Amino acid sequence: MDQPRIEAAVREILAAIGEDPDRDGLKDTPARVARSYAEVFSGLGTDPTELLATTFDIDHSEMVLVKDIDFFSMCEHHLVPFYGLAHVAYIPGASGRVTGLSKFARLVDLYAKRPQVQERLTTQIVEAIEDSLEPAGAMVVIEGEHMCMSMRGVQKPGAKTVTSAVRGQMRDTATRSEAMGLIMGGKSR
Ligand SMILES: Nc1nc2c(ncn2[C@@H]2O[C@H](COP(=O)(O)OP(=O)(O)OP(=O)(O)O)[C@@H](O)[C@H]2O)c(=O)[nH]1
Ligand SMILES: [Zn+2]
């Protein structure tokens with residue numbers, strides 16, 4: 001990431017809104033924002049296949065659900081945060097490939113830490129699971145609150161956007177409603 005370029009751009013924005021970028025409270029802000037963006041956008045250029053490369057042979061052919069994974073992302077339209085909970089479920093496939101549970105949370109972060117829209121975030125996670133684990137089925141559900149809808153614009157704090165992407169056997173009505181029941185029984189922000 002080009003940190004000096006971010007610093008110059010932030011300095012320019014501060015000047016453009018009528019602030020004095022050299023006043024005491026703001027003089028370190030461009031560098032702080034540059035460091036902060038390096039963190040917030042650290043998912044750019046990272047490869048999900050590496051993340052899901054560690055797999056084990058565990059004899060389990062039923063659904064595995066990792067739910068209530070906190071995420072923070074940045075709306076690509078307004079560059080303000082959207083955040084909430086991601087839920088990831090899959091049914092191991094014929095290959096028997098199963099990965100460590102933490103990898104699903106890492107996968108959510110990998111795609112969240114980019115300029116995003118919630119629909120693409122949802123699809124990218126499910127597709128990475130499909131490609132790497134070749135599961136019999138997979139499902140990702142994301143509940144997000146968008147700051148661009150609360151602090152500005154339409155100003156509706158608390159409005160939640162729910163997106164889902166469902167593949168393979170997870171599309172079966174009974175399996176899908178079992179997963180949704182387990183997900184919705186949990187915490188909600
Ligand atoms: N589909 C989708 N839309 C999003 C997401 N995040 C933000 N948006 C929407 O992107 C839209 C951008 O609309 P524009 O009309 O181009 O921009 P705007 O004038 O700032 O829109 P308002 O937010 O309505 O003030 C808005 O309706 C946002 O609510 C997302 O993850 N998915
Ligand atoms: Zn937005």
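Residues numbered from 1 in each chain as written. Chains lettered and ligands numbered in written order. Predicted model: local features only at pLDDT ≥ 70, side-chain atom pairs only at ≥ 80, totals over all residues.

You'll find the protein chain entered in an unreviewed UniProt entry as GTP cyclohydrolase 1, with Rothia koreensis given as the organism. Heading Pathway (unreviewed entry) of the UniProt record for the protein chain holds this comment: "Cofactor biosynthesis; 7,8-dihydroneopterin triphosphate biosynthesis; 7,8-dihydroneopterin triphosphate from GTP: step 1/1." We quote the UniProt Subunit (unreviewed entry) comment for the protein chain here in full: "Homopolymer." (UniProt positions renumbered as here; feature names shortened; annotations may be inferred.)

**Let's talk about the sheet that holds strand 3 (residues 81-91)**
Taking strand neighbours across the sheet as the criterion, the 5 strands line up as 5-2-3-6-7 in an open arrangement whose pairing is mixed. Of all the strands in the sheet, just strand 5 (115-116) and strand 7 (161-168) have a single pairing partner and so form its edges. Strand direction decides the pairing type here: strand 2 (residues 64-75) and strand 3, joined by 9 bridges, are antiparallel. Note that in strand 3 the partner of Phe 71 across the bridge is Gly 84. Packing against the sheet, helix 4 (residues 102-112) makes contact with strand 2, strand 3 and strand 5, and its axis sits at approximately 20 degrees to strand 2. Along the sheet face, helix 7 (residues 173-184) touches strand 2, strand 3, strand 6 (137-146) and strand 7 and points at about 65 degrees away from the line of strand 2. (Pairing = 2+ DSSP bridges. Helix = DSSP H or I, 4+ residues; strand = E, 2+ residues; numbered from the N terminus. Contact = placed C-beta atoms within 7 Å. Axes fitted to C-alpha atoms, helices over the stretch in contact; angles between N-to-C directions.)

**Focus: the nonpolar core**
Grouped together as the largest cluster of nonpolar side chains are 32 residues, with contacts concentrated most on Ala 86, Ala 89, Val 108, Ile 125, Met 139 and Val 140. Of all the elements in the fold, those that place two or more residues in this core are strand 2, strand 3, helix 4, helix 5 (118-133), strand 6, strand 7 and helix 7. Setting aside residues up to four positions removed in sequence, Ile 125 forms contacts with Val 88, Leu 107, Val 108, Tyr 111 and Val 140. (Core = buried A, V, L, I, M, F, W, Y, C linked by C-beta atoms within 7 Å. Buried ≥ 20, exposed ≤ 12 C-beta atoms within 10 Å, placed from the backbone.)

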